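Survey of secondary and tertiary structure
Residues per chain, in single letters:
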Amino acid sequence: MSDIEKIPLVFASLGEQELAAVAEVFASGWAAGQGPRGQALEAQLKERYGAGDAVAVSNCGAALHLAMLAFGVQPGDEVIVADYTFPAPAHAVRYVGGTPVFADVRADTGTVDPQSVADLVTSRTVGIIAVDTVGLPADYTELQAIADRHGLFLIEDAACAVGATYQGREAGSLAEVACLSFHGRKGATSGEGGAFIATDPAIGAKARQLSAFGIGSIFDMGQVIGLPIPEFTEIGYNFKLSDIAAAILTVQLGRIEELMERRRAVAARYAELFADEELLTVPHVPADRTHAWQSYLVTLDASVDRGAVATELRAQGIGTLHGTWANHVQPAFDAQQVCPVSADLFQRNLGIPMHAELTMSQVERVSEVLRTALRTHARPARTLKGAA
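In what follows, the accompanying structure is described.

Conventions we followed
- Residues numbered from 1 in each chain as written.
- Predicted model: local features only at pLDDT ≥ 70, side-chain atom pairs only at ≥ 80, totals over all residues.
- Heavy atoms only, no water.
- Helix = DSSP H or I, 4+ residues; strand = E, 2+ residues; numbered from the N terminus.
- Rg over C-alpha atoms; globule rule 2.2 N^0.38 Å.
- Contact = heavy atoms within 4.5 Å.
- Buried < 20%, exposed > 50% of the residue type's maximum accessible area, 1.4 Å probe, protein only.
- Pairing = 2+ DSSP bridges.
- Right-handed = clockwise from strand over helix to strand, strands pointing away.
- Axes fitted to C-alpha atoms, helices over the stretch in contact; angles between N-to-C directions.

**Considerations on the overall build of the protein**
Regarding its fold elements, the protein presents 13 helices and 14 strands. Relative to its length of 388 residues, the protein is compact, with a C-alpha radius of gyration of 22 Å against a globular reference of 21 Å. Considered along the principal axes of its C-alpha atoms, the protein spans approximately 95 × 55 × 35 Å. Look at the contacts in the protein between residues 6 or more apart in sequence, and 73% of them connect residues 24 or more apart.

**Points about unusual backbone geometry**
The backbone of Gln-34 sits at a positive phi, close to 65°, despite the residue not being glycine. Looking at the secondary structure, you find Gln-34 in the loop between α1 (16–28) and α2 (36–49). Gln-34 gets classed as buried once you look at its relative accessible area, which sits at 17%. Here Val-134, not a glycine, exhibits a phi torsion of approximately 45°, which is positive. Following the sequence through the fold, Val-134 ends up in the loop between β4 (125–131) and α6 (140–150).

**Side note on the pairing of strand β2 (residues 78–82)**
For a regular strand, side chains alternate in direction, first toward one face of the sheet and then toward the other. The buried fraction of β2 amounts to five of the five residues, a majority that puts the element mostly inside the structure. Judged by which residues are buried, β2 turns out to be covered on both faces: Glu-78, Ile-80 and Ala-82 on one side and Val-79 and Val-81 on the other are all buried. Where β2 and strand β3 (residues 99–103) come together, five bridges link them in parallel fashion. By the bridge assignment for β3, Val-81 is matched with Phe-102. Read as a crossover between parallel neighbours, the route from β2 over helix α4 (residues 88–95) to β3 is right-handed. When β2 meets β4, the two strands line up parallel, connected through four bridges. Considered in β4, the bridge of Ile-80 is made with Ile-128.

**Looking at the pairing of strand β1 (residues 53–57)**
In terms of burial, β1 is largely enclosed, as five of its five residues are buried. Burial of the side chains of β1 extends over both faces: Asp-53, Val-55 and Val-57 are buried on one face and Ala-54 and Ala-56 on the other. Note that β1 and strand β9 (residues 194–198) share five bridges and pair antiparallel. Within β9, the position partnered with Val-55 by the bridge is Phe-196.

**Structural notes on the sheet that holds β9**
Read from one edge of the open sheet, seven strands run β1-β9-β8-β5-β4-β2-β3, paired in mixed fashion. Across the chains shown, the open sheet's two edge strands, defined by having one partner strand only, are β1 and β3. Each adjacent strand pair in this sheet contributes to an overall mean axis angle of 20°, direction not counted. Of the strands in this sheet, β1, β2, β4, β5 (153–157), β8 (177–181) and β9 touch helix α3 (residues 60–70), which is tilted by about 160° from β8. Lying on the sheet, α4 is in contact with β2, β3, β4 and β5; it crosses β3 at an angle near 155°.

**Quick word on the environment of Gln-347**
Turning to its location among the elements, Gln-347 is positioned in helix α12 (residues 340–348). Take Gln-347: its relative accessible area is 51%, and that puts it in the exposed class. It is 30 Å that separates the C-alpha atoms of Gln-347 and Glu-261, two residues lying 86 residues apart in sequence.

Next comes the structure, spelled out in structure tokens:
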């Protein structure tokens, strides 16, 4: 095993430029949040997404929590959320006492099915959280029409989708509020981090205030001649992003096209290598959008033992993981909905290595090992007893 080349599932593309940016923060004497680097990052995000405001926060979960607070979600309110995803959106609804209602997804893309969303709207529904599933934007034209028809808010969970597009528009700008992640496996990363993007500056200002204990920027207060003493007029949270992380992200966002191009090349090579493979299906990307390729999920044939395949890949030093989660079957939510497409993808998706540092020879080795494992761990087709 020690002689086998390890090919990790994820690997962050961090280097000398990011280190130099961190060194500048160390020299500045201000490493905490909401300082000069944080403000520069927010300006960069606001310009990139054409937003009314952008608030840098500690992670995407914090951004989703702030969105629930900014839209005033109350106990008893229902928020429709995409089922097939990391469960952060449903957690955010629960944080404020709301009820997450899980909508099934499209079989071909794994993104939320607009018809499922429409069917779930009730008098208690106040909003929709769509998810750009592992980097692929959802169907925002149809979703926005549903939201407008019923007077609902629409949030884009673009945690995985920095660098993707939908009908020529950047993921992160596809709804009135978008929540971004800069976790270590994302296309742009600071290890941890996130952002709250709002078209309405008033909603952004509300989120900014709540993200800093309800008192605003201590850094800005320190620049005032005198002694301003803030008042805590409402309960806020400590969701600030450090200037260290912000400095890293300003570099990463400047490199995003380069990093996306390398991920796209990996995805294209996987698609070529698996084009004739009958025991799996590669991801489908509709013509009107592009994928950020946070993950590369293949869908295994129902005859394949996914656990055995994953075990074999890991034994060969190849990182792998189940796809993402069918939220409605998670015990934490005690959900009443049934989402058969999401449940099926939850059983059959498999994540294989995807990051900007992969070489083509590594991609080819992953393909070779996976093909062999599929054949080893596929149940043979049933034959009738006595058949010739």
